[in-house]
Amino acid sequence: MEYAKRFEDLRLKAEPVILGIESSCDETAAAVVRGRRLLSNVVFTSAPEQAKYGGVVPEIASRAHTDAIGEAVEQAVREAGIQKTDIDAVAVTYGAGLLGALLVGLSFAKSYAYTLGVPLIGVNHIRGHMAAAYLADPQLRPPFIMLLASGGHTAVIATHTETEFEILGSTRDDAAGEAFDKCARVLGLPYPGGPSVERLAREGKADIEFPKMFRGNGYDFSYSGLKTAVINYCHTKQQKGEAYSRADVAASFQAAACGALAERAVAAALEKGYGTVAAGGGVIANGYLRELLAQNCAKAGVRLVLPEKKYCTDNAAMIAAEGLVQYRARNFADLSLNACAHIPLGKKGKQ
Ligand code: KG4
Ligand code: ZN
């Protein structure tokens, strides 16, 4: 059924009310925006349940979404102080993520949009992480540099318009978040790894020399060398029976991993002559990185747009924010929209 066709002649509102729904991993989230103003933000998480297994179990995630999705959306609508009939469009994450998890949010969003008779908007999760910056600063306008650091992606991106990007550099192997998660595992820290490493790092000194960053061309990153260095350091110490400080390892890893991100984002802004760096993705919730970015940007005279921590990790406010971008581009979906496990960020250059 060509549902999107119904809205071909829709008169777009300047400040539409958009319901965002997110269920790609272990957070069941719903949020409402009016234009770039956030009206409500609800996040239920199955992370404590997943922690027992040391990572996300897809089956548990899907079941938790099924339990929570109705309540999450009801609560988001209630807390926004709107009626369901005020909603102008429903934006939902269709990928990337766990298929079974995505399908819960996607199916719910389809029924919701269809019942209300409003457009359905499919949102690429990672574009959502990038769009969180528009909520952090409703005045933000391209061009600016976007530093994206999540569990699946790490990239420095030149944002030309709200829908046109140029990837200046990305990771050649592991994403920054993945590196944090692996470092946590090596140190025997609980899931989720990133916050565990950050907590332990606060008690340590960053005085172990790990390779700081990939010294290749442009703005590419590589985290596999750093990961291997952490593993080798711990194993060598263990084999020799020498004592070592896990907190120092965490702090040194964090300094190396975050240093590369902050340096490259600011260098890109200076090279492009852009006055603003914005950031998004789970790793941007890291307090050390936030401080480093603030310092580096201030030193370089570059403005920094940093979403609050809760809008860096998975949430539906960012999905609604990207929904607004797609609404303005009239990028409406059919009810046949399916879930996608992987969506590439795009090749280097314009996309
Ligand atoms: O952005 P995200 O939801 O992942 C993707 O969409 O791909 O964020 C999850 C990632 C995980 O790898 C997690 O360990 C990392 O973000 N993360 C952190 C912190 N909080 C979450 N990494 C470092 N420090 C944190 N405080
Ligand atoms: Zn995410």
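Cut-offs and rules
Residues numbered from 1 in each chain as written. Chains lettered and ligands numbered in written order. Predicted model: local features only at pLDDT ≥ 70, side-chain atom pairs only at ≥ 80, totals over all residues. Heavy atoms only, no water. Phe/Tyr/Trp six-rings, centres within 6.5 Å; stacked < 30°, edge-to-face > 60°. Helix = DSSP H or I, 4+ residues; strand = E, 2+ residues; numbered from the N terminus. Lys NZ or Arg CZ within 6 Å of the ring centre and 35° of its normal. 1 Å grid on protein atoms, 1.4 Å probe; cavity = no way out; pocket = protein on both sides within 12 Å on 5 of 7 lines; lining within 4 Å. Points joined across faces, edges and corners; volume = space filled by probe spheres on them. Nonpolar A, V, L, I, M, F, W, Y, C, P; charged D, E, K, R; others polar. Domains from an automatic or database assignment. Salt bridge = Lys/Arg side-chain N within 4 Å of Asp/Glu carboxyl O.

Tallied over the full model, the rule gives 10 aromatic pairs. Note on Tyr 233 and Tyr 244: the rings are 6.0 Å apart at their centroids and 90° apart in plane angle, and the pair reads as edge-to-face. Taken together, the residues Tyr 233 in helix α7 (residues 224-240) and Tyr 244 in the loop between α7 and α8 (246-272) connect sequence positions 11 residues apart. Grouped by ring-pair contacts, the aromatic residues Tyr 3, Phe 7, Tyr 114, Tyr 327 and Phe 332 constitute a single cluster. The lysine or arginine in question, Arg 264, covers the ring of Phe 221, its NZ or CZ lying 5.8 Å from the ring centre.

Space left empty within the atom packing is revealed by a probe, the size of a water molecule, rolled over the atoms. Roughly 1500 Å³ of volume is contained in the largest pocket. As for the largest pocket, its lining consists of 44 residues, and the residues nearest its centre are Cys 25, Gly 151, Gly 152, Asp 181 and Asp 314. At the level of secondary structure, the elements contributing two or more residues to the lining of the largest pocket comprise α4 (125-136), α5 (176-186) and α6 (193-201). In terms of residue count, α5 provides more of the lining of the largest pocket than any other element does, seven residues in total. Taken together, the residues of the lining of the largest pocket break down into 18 nonpolar, 18 polar and eight charged. For the lining of the largest pocket, the two domains that each supply at least three residues are domain 1 (3-131 + 313-350) and domain 2 (142-309).

With that settled, consider the pattern of salt bridges. Counted under the stated rule, the structure contains 17 salt bridges. Asp 88 is the salt-bridge partner of Lys 13, the closest N and O atoms lying 2.8 Å from each other. Taken together, the residues Lys 13 in the segment before β1 (17-22) and Asp 88 in the loop between α2 (58-80) and β4 (89-95) connect sequence positions 75 residues apart. Notably, a salt bridge pairs Lys 182 with Glu 178, separated by 3.8 Å at the nearest N-O pair.

Keep in mind these numbers describe shape, not what the thing actually does.
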